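Examining the three-dimensional arrangement
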Amino acid sequence: AIGILVLFFLIVRVKLNSFLALLLVAGFVGIAEGLPVAKLIPTIEKGLGGTLGGLAIVVCFGAILGKLMAESGGAQRIATTLINVFGRKNVKWAVCLTGFIVGIALFYEIGFVLLIPLVFTIAAEAKIPLLEVGIPMAAALSVTHGFLPPHPGPTAIAIIYNADIGVTLVYGAIIAIPTAIVAGPVFYNFTKGINPEIPKGLYNPKIFEDHEMPGFGVSVCSALVPVVLMAASAIAKLALDQSSPVAVALEFLGQPDMALTISVAIAVYTFGLARGKKMDEIMNTVKDAILAIAMILLIVGAGGALKQILIDSGV
């Protein structure tokens with residue numbers, strides 16, 4: 001308990017980097033609980049490596065997929081198409097669905113930065129209150145980030161509890177859809193008295209011209225490849241004989257690492273090469289995606305180190 005309090009103090013009050021704070025507290029708790037000093041570092045390494053071993057490829061490739069979709073204009077294509085289909089009166093539902101689709105592939109903070117200028121644009125062009133589109137978008141991004149692999153939290157929890165990530169995705173979606181509806185379009189009805197103005201000059205986004213963006217079908221299919229593969233694998237485990245060739249193939253393709261590898265390979269073509277981009281330009285996007293989530297990975301890994309200290313010390 002003291003270790004957790006120290007952790008909060010270091011992060012919130014001292015403003016120490018969370019990665020460093022977690023490692024320091026892990027060492028402090030290990031020593032305080034009587035773990036032999038010689039076993040301290042190996043235990044931290046075991047916890048950090050064990051957590052990242054099942055997480056690194058999924059999180060990194062998820063970030064790459066999202067970045068490729070953002071840089072190509074695929075996310076904007078999904079949003080504008082859905083708005084045109086749903087119409088002005090139902091725009092909040094269109095935005096919520098956009099956030100949900102985009103949020104499956106994008107980390108929350110990346111999705112928020114990407115879609116917030118789109119929210120401003122939609123609100124201005126449709127002449128509707130900012131929160132009518134802002135709340136559904138934020139709710140959808142929050143829900144997908146919190147409930148659905150390949151996002152770090154759900155993926156890490158599934159690994160820690162030895163849960164099947166495909167089944168986690170299916171159950172997560174069952175909970176996530178009604179949660180996004182209640183926290184987004186429904187909740188907006190209780191905030192109609194709050195009407196903030198669209199900030200002037202807060203953000204200067206790149207708005208893609210129609211010819212610059214990939215098609216709607218290509219954008220949605222590329223974003224949903226990992227979801228489809230992992231869900232198919234989970235359904236196959238429940239419905240098929242596990243020794244059948246189809247079940248074996250789906251189990252292999254639906255493994256998170258494999259599903260994300262396939263989706264990134266497809267996205268490199270659909271969001272990159274097919275849009276006339278050169279490979280070095282695409283790889284710069286890949287590098288930027290990894291840089292954006294490197295610290296998140298380290299923090300999650302350090303959390304795994306603290307977990308292992310708690311286990312090995314008998315807590």
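Okay, so let's go over this structure. Fair warning: this is a prediction, and the values are worked out from it, not measured in the lab. (Residues numbered from 1 in each chain as written. Predicted model: local features only at pLDDT ≥ 70, side-chain atom pairs only at ≥ 80, totals over all residues. Heavy atoms only, no water.)

1. Brief notes about the overall build of the protein chain
Formally: Elements are defined by DSSP. Helices are runs of H or I of four residues or more, strands are runs of E of two residues or more, and each kind is numbered from the N terminus. C-alpha atoms define the radius of gyration in this analysis, and the globule rule sets the expected value at 2.2 Å times the number of residues to the power 0.38. Working definition: with a 1.4 Å probe on protein chains only, accessible area under 20% of the residue-type maximum means buried, over 50% means exposed, and in between means partly exposed. Whether two residues touch is decided by their heavy atoms; if any such pair falls within 4.5 Å, the residues are in contact. Each accessible area is a Shrake-Rupley estimate made with a 1.4 Å probe; only the visible protein chains count as cover when residues are assessed. Two residue types count as positive, namely Lys and Arg, and two as negative, namely Asp and Glu; His and chain ends fall outside the count. Working definition for charges: the position is that of NZ of Lys, CZ of Arg, CG of Asp or CD of Glu.
A count of helical and extended segments in the protein chain gives 14 helices and 0 strands. Counting helices and strands in the order they occur from the N terminus, the protein chain gives α-α-α-α-α-α-α-α-α-α-α-α-α-α. The C-alpha radius of gyration of the protein chain comes to 21 Å, within 12% of the 20 Å expected for a compact globule of 315 residues. Summarising its shape, the C-alpha atoms of the protein chain cover approximately 65 × 55 × 40 Å along the three principal directions. When the 315 residues of the protein chain are sorted by exposure, 45% land in the buried category. Excluding contacts between residues fewer than 6 apart, the proportion of contacts in the protein chain whose partners are at least 24 apart in sequence is 77%. In the structure as shown, the protein chain presents an accessible area of about 15500 Å², 69% of it carried by carbon and sulfur atoms. Taken as two groups, the 19 positive and 18 negative side-chain charges of the protein chain have centres that lie 7 Å from each other.

2. Things to note about the packing of helix α3 (residues 37-53) against helix α14 (residues 279-312)
How we decide: Inter-axis angles, ranging from 0 to 180 degrees, are taken between N-to-C directions of lines fitted to C-alpha atoms, where helices are fitted over the stretch in contact. Every angle not falling under 35 degrees, over 145, or within 65 to 115 is termed oblique; those three ranges are roughly parallel, roughly antiparallel and roughly perpendicular. In this scheme the handedness of a crossing depends on how the near helix is turned from the far one: anticlockwise by less than a right angle means left-handed, clockwise means right-handed. Under this grouping Gly is polar, as are all residues other than the nonpolar Ala, Val, Leu, Ile, Met, Phe, Trp, Tyr, Cys and Pro and the charged Asp, Glu, Lys and Arg.
α14 packs onto α3 with a crossing angle of 130° between their chain directions and a minimal axis gap of 7 Å. Relative to α14, the element α3 is oriented oblique. When you trace α3 past α14, the crossing you get is right-handed. Counted together, L40, T43, I44, K46, G47, L48, T51 and L52 of α3 and L297, V300, G301, A302, G304, A305, K307, Q308, I309 and D312 of α14 form the full contact between these two elements. Residues of the contact of α3 with α14, tallied by class, amount to 9 nonpolar, 6 polar and 3 charged.

3. Comments concerning the side chain of H151
Note the following rule: As used in this structure description, the phrase polar contact means that two N or O atoms lie within 3.5 Å; if the pair is within protein, one of them must be able to donate a hydrogen and the other to accept it, and residues adjacent in sequence are counted only when both atoms belong to side chains.
Locating H151 in the fold gives a position in the loop between α8 (130-147) and α9 (152-160). At a separation of 3.1 Å, a polar atom in the side chain of H151 contacts the side chain of H145.

4. Here's the deal with the pattern of salt bridges
Operational definition: By convention in these notes, a salt bridge is any Lys or Arg side-chain nitrogen within 4 Å of a carboxyl oxygen on Asp or Glu.
Scanning the entire structure with this criterion turns up 2 salt bridges. Between K67 and E71 there is a salt bridge, with its nearest N and O atoms 3.4 Å apart. One end of the pair, K67, and the other, E71, are both in helix α4 (residues 56-72), 4 residues apart, so they sit about a helical turn from each other. Among the residues examined, E71 registers a relative accessible area of 37% and is labelled partly exposed. The partner of R77 in a salt bridge is D210, and the shortest N-O contact between them spans 2.9 Å. You can see R77 sitting in helix α5 (residues 74-86) and its partner D210 sitting in the loop between α10 (165-188) and α11 (216-239), a full 133 residues away along the chain.

5. A short note on the nonpolar core
Stated formally: In this text, buried Ala, Val, Leu, Ile, Met, Phe, Trp, Tyr and Cys residues form a nonpolar core when linked through side-chain atoms within 4.5 Å.
Counting residues in each nonpolar core, the largest one holds 42 residues, and the members touching the most others are L68, M69, I78, V91, I122, V133 and L297. Elements with a contribution of two residues or more to this core: α4, α5, α6 (91-105), α7 (108-126), α8, α11, α13 (256-270) and α14. Per-element accounting of this core gives the leading share, 7 residues, to α4. Membership of the second largest hydrophobic core comes to 17 residues, among which are F100, V143, I165 and A176.

6. Some points on a nonpolar patch on the surface
Note the following rule: Surface patches are drawn from residues lacking salt bridges whose relative accessible area is over 30%; two like charges belong together within 9 Å, two nonpolar side chains (Val, Leu, Ile, Met, Phe, Trp, Tyr) within 5 Å.
A contiguous nonpolar patch, built from V85, F86, W93, L97, I177, I181, V182, V186, F187 and F190 and spanning about 900 Å² of accessible area, is present on the exposed surface. For the nonpolar patch, the secondary structure elements donating two or more residues are α5, α6 and α10. By residue number, the principal contributor to the nonpolar patch is α10, which donates 5 residues. You can see V85 is positioned in helix α5.

By themselves, these figures tell us nothing about what the structure is for.
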